[in-house]
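# Fold and contact review
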Amino acid sequence: MPGLRPLGRVWAVTEPTQQPVRAPGVQREVTSFVRRSTRMRPVHLRAWERLRHAYVLEVPQRASSTSIAPGHPLDVVAAFGRTAPLVVEIGPGTGESLVGMAIARPEIDVLAFEVYLPGVARTVNRLHETGVVNVRLLQSDAVDGLRHLLGPGSVEEVWTFFPDPWPKARHHKRRLVDRAFADLVASRLRPGGSWRLATDWWDYAVQMRAVLDAHPDLVNVDAAADGWAERCSDRPLTRFEERGIEAGRTVRDLHYRRR
Ligand SMILES: C[S@@+](CC[C@H](N)C(=O)[O-])C[C@H]1O[C@@H](n2cnc3c(N)ncnc32)[C@H](O)[C@@H]1O
């Protein structure tokens, strides 16, 4: 079990770069999330204050609290205290599958980006209760995280399980998995590295297939079959996934490799 030692400074020391300045009236980028309540029950808040320093990394930000400033790459070895294959999870929610998968694979280090503070707090509690030592969290936008914290070819695996479906057509622009995001993920994966995804929204699954099957740097591992992957064997069923199944939706897993 990790001691409750603060993780300390985990970004490499480089010259800070110029912060981007947005001109008045210029629209901010579309993100895959919107601001949600950060209210927590007092018991969770107390645990959060006590435990977060052992698991949650703090990195320089831009204007918003979920942003990450460019020019401060993460010192991954300092963050985990060892060298191990790095897996990135995007949007673990309350950490239900993250914690189970980290326990199942003690040889990997998992860096998880989640913007929803109560979700990060619940994950911290789970990590503490289960004694998991190979996970670090950032309460940050994964797009900024992949772009600014991690170098090209530095990631062994990326997990994107049940990204927000944004079912209304006018919100589809918020869907995380599009060509620009695929470019970013592909650039961070090492050659041969894996990207595993799952969704219970059929039209989002089809969108993922269209974008990722056409990507020049990615190969659909299951192309010889029907292009859909077997359920990732060590991925526990989350409450979110369960609700989708109860609502009559079918879960689709996808698995791609970086060329
Ligand atoms: C639908 S939930 C799924 C949670 C979890 N993966 C599961 O299977 O139960 C999607 C999560 O992604 C998070 N999220 C959305 N966009 C994100 C981003 N750009 N960076 C980090 N987290 C993000 C949301 O806050 C939310 O917790």
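Figured I'd write up the structure that's included with this text. If you're wondering where the values come from, they're calculated on a predicted model, not measured in any experiment. (Residues numbered from 1 in each chain as written. Predicted model: local features only at pLDDT ≥ 70, side-chain atom pairs only at ≥ 80, totals over all residues. Heavy atoms only, no water.)

## A look at the overall build of the chain
Inclusion rule: Numbering of helices and strands runs from the N terminus; a helix is a DSSP stretch of H or I covering at least four residues, while a strand is a stretch of E covering at least two. Residue burial is assigned from relative accessible area. The probe radius is 1.4 Å, only protein chains are included, and a residue is buried under 20% of its type maximum, exposed over 50%, and partly exposed in between. Every residue pair with non-hydrogen atoms within 4.5 Å of one another is taken to be in contact. Here the Shrake-Rupley method, with its probe set to 1.4 Å, supplies the accessible areas, and only the displayed protein chains count as covering residues.
Scanning the chain from N- to C-terminus turns up eight helices and seven strands. Residues counted as buried form 46% of the 259 residues belonging to the chain. Restricting the contact set of the chain to residue pairs at least 6 apart, pairs at least 24 apart contribute 80%. Total accessible area computed for the chain in this model is approximately 13,000 Å², and 53% of it derives from carbon and sulfur atoms.

## Here we look at the site of the ligand
Selection criterion: Whether a residue is near a molecule or strand depends on its heavy atoms: if one lies within 4 Å, it is near. Within 3.5 Å is the distance limit for a polar contact, defined as a pair of N or O atoms, with the added protein rule that one can donate a hydrogen and the other accept it, and that residues adjacent in sequence qualify only through two side-chain atoms.
Ser 32, Gly 91, Glu 114, Asp 141 and Phe 161 are the nearest of the 18 residues found near the ligand. Within the backbone of Gly 91, one N or O atom sits 2.8 Å away from a nitrogen atom of the ligand. Between the ligand and the protein, one listed contact pairs a nitrogen atom with a side-chain N or O atom of Asp 141 at 2.9 Å. Coverage of the ligand by the protein chains reaches 94% of its 600 Å² of free accessible surface.

## Points about a positive patch on the surface
To be explicit about the condition: Patch membership is restricted to residues that have no salt bridge and whose relative accessible area is over 30%. Joining uses 9 Å for like charges and 5 Å for the nonpolar side chains Val, Leu, Ile, Met, Phe, Trp and Tyr. Throughout this description, the term salt bridge denotes a Lys or Arg side-chain nitrogen within 4 Å of a carboxyl oxygen of Asp or Glu. His residues and chain termini do not enter the charge count, which takes Lys and Arg as positive and Asp and Glu as negative. To locate a charge, take NZ of a lysine, CZ of an arginine, CG of an aspartate or CD of a glutamate.
Residues Arg 41, Arg 122, Arg 239 and Arg 243 make up a contiguous surface patch of positive charge. Following the sequence through the fold, Arg 243 ends up in helix α8 (residues 239–246).

## Quick look at the packing of helix α3 (residues 96–104) against helix α4 (residues 117–130)
A pair of packed helices is captured by two measures, namely the crossing angle of their axes and the spacing between those axes. Here is the rule we go by: Every axis corresponds to a line fitted to the C-alpha atoms, with the helix fit spanning only the stretch in contact, and the corresponding angles, defined between N-to-C directions, vary from 0 to 180 degrees. These descriptions rest on fixed angle ranges, namely under 35 degrees for roughly parallel, over 145 for roughly antiparallel, 65 to 115 for roughly perpendicular, and the rest for oblique. Crossing handedness is defined as follows: a turn of the near helix away from the far one that is anticlockwise and smaller than a right angle gives a left-handed crossing, while the clockwise case is right-handed. Throughout this entry, Asp, Glu, Lys and Arg are counted as charged residues, while Ala, Val, Leu, Ile, Met, Phe, Trp, Tyr, Cys and Pro are counted as nonpolar. The remaining residues, Gly among them, count as polar.
Following both chains from N to C, one finds α3 and α4 inclined at 30°, their axes separated by 9 Å at the closest point. Here α4 runs roughly parallel to α3, going by the angle between their axes. Crossing of α3 over α4 shows right-handed handedness. Two secondary-structure elements touch here, α3 through Glu 96, Leu 98, Val 99 and Ile 103 and α4 through Thr 123, Arg 126, Leu 127 and Thr 130. Split into classes, the residues belonging to the contact of α3 with α4 amount to four nonpolar, two polar and two charged.

## A closer look at the sheet that holds strand β1 (residues 86–90)
So the rule is basically this: Criterion used throughout: strands pair if DSSP finds at least two bridges between them.
One open sheet accounts for seven strands, arranged β3-β2-β1-β4-β5-β7-β6; its pairing is mixed. Edge strands, defined here as strands with exactly one partner in the open sheet, are β3 (135–138) and β6 (218–220). Ignoring which end each strand starts from, the neighbouring axes of this sheet average 20° apart. As paired strands, strand β5 (residues 189–199) and strand β7 (residues 252–258) are joined by six bridges and run antiparallel to one another. Across the sheet, Trp 195 pairs through a bridge with Tyr 256, a residue of β7.

## So, the pattern of salt bridges
Counting across every chain of the model gives 14 salt bridges. Glu 241 serves as the salt-bridge partner of Arg 231, at 2.5 Å between the closest nitrogen and oxygen. Residue Arg 231 is located in the loop between β6 and α8, and its partner Glu 241 is located in helix α8; the two are separated by 10 residues in the primary sequence. With relative accessibility at 35%, the residue Arg 231 sits in the partly exposed group. What makes Glu 241 buried here is its relative accessible area of 1%. Where salt bridges share partners, they join Arg 231, Arg 235, Glu 241 and Asp 253 into one cluster.

## A look at the pairing of β1
Cut-off, in case you're wondering: The handedness rule is simple: strands pointing away from the viewer, and a clockwise path from the first strand over the helix to the second, make the crossover right-handed.
Extensive coverage of β1 is indicated by the burial of five of its five residues. Burial along β1 is two-sided: Leu 86, Val 88 and Ile 90 facing one way and Val 87 and Glu 89 facing the other are all buried. For the crossover from β1 across α3 to strand β2 (residues 109–113), the handedness is right-handed. Here β1 pairs with strand β4 (residues 155–161) via three bridges, running parallel. Bridge pairing links Val 88 to Val 158 in β4.

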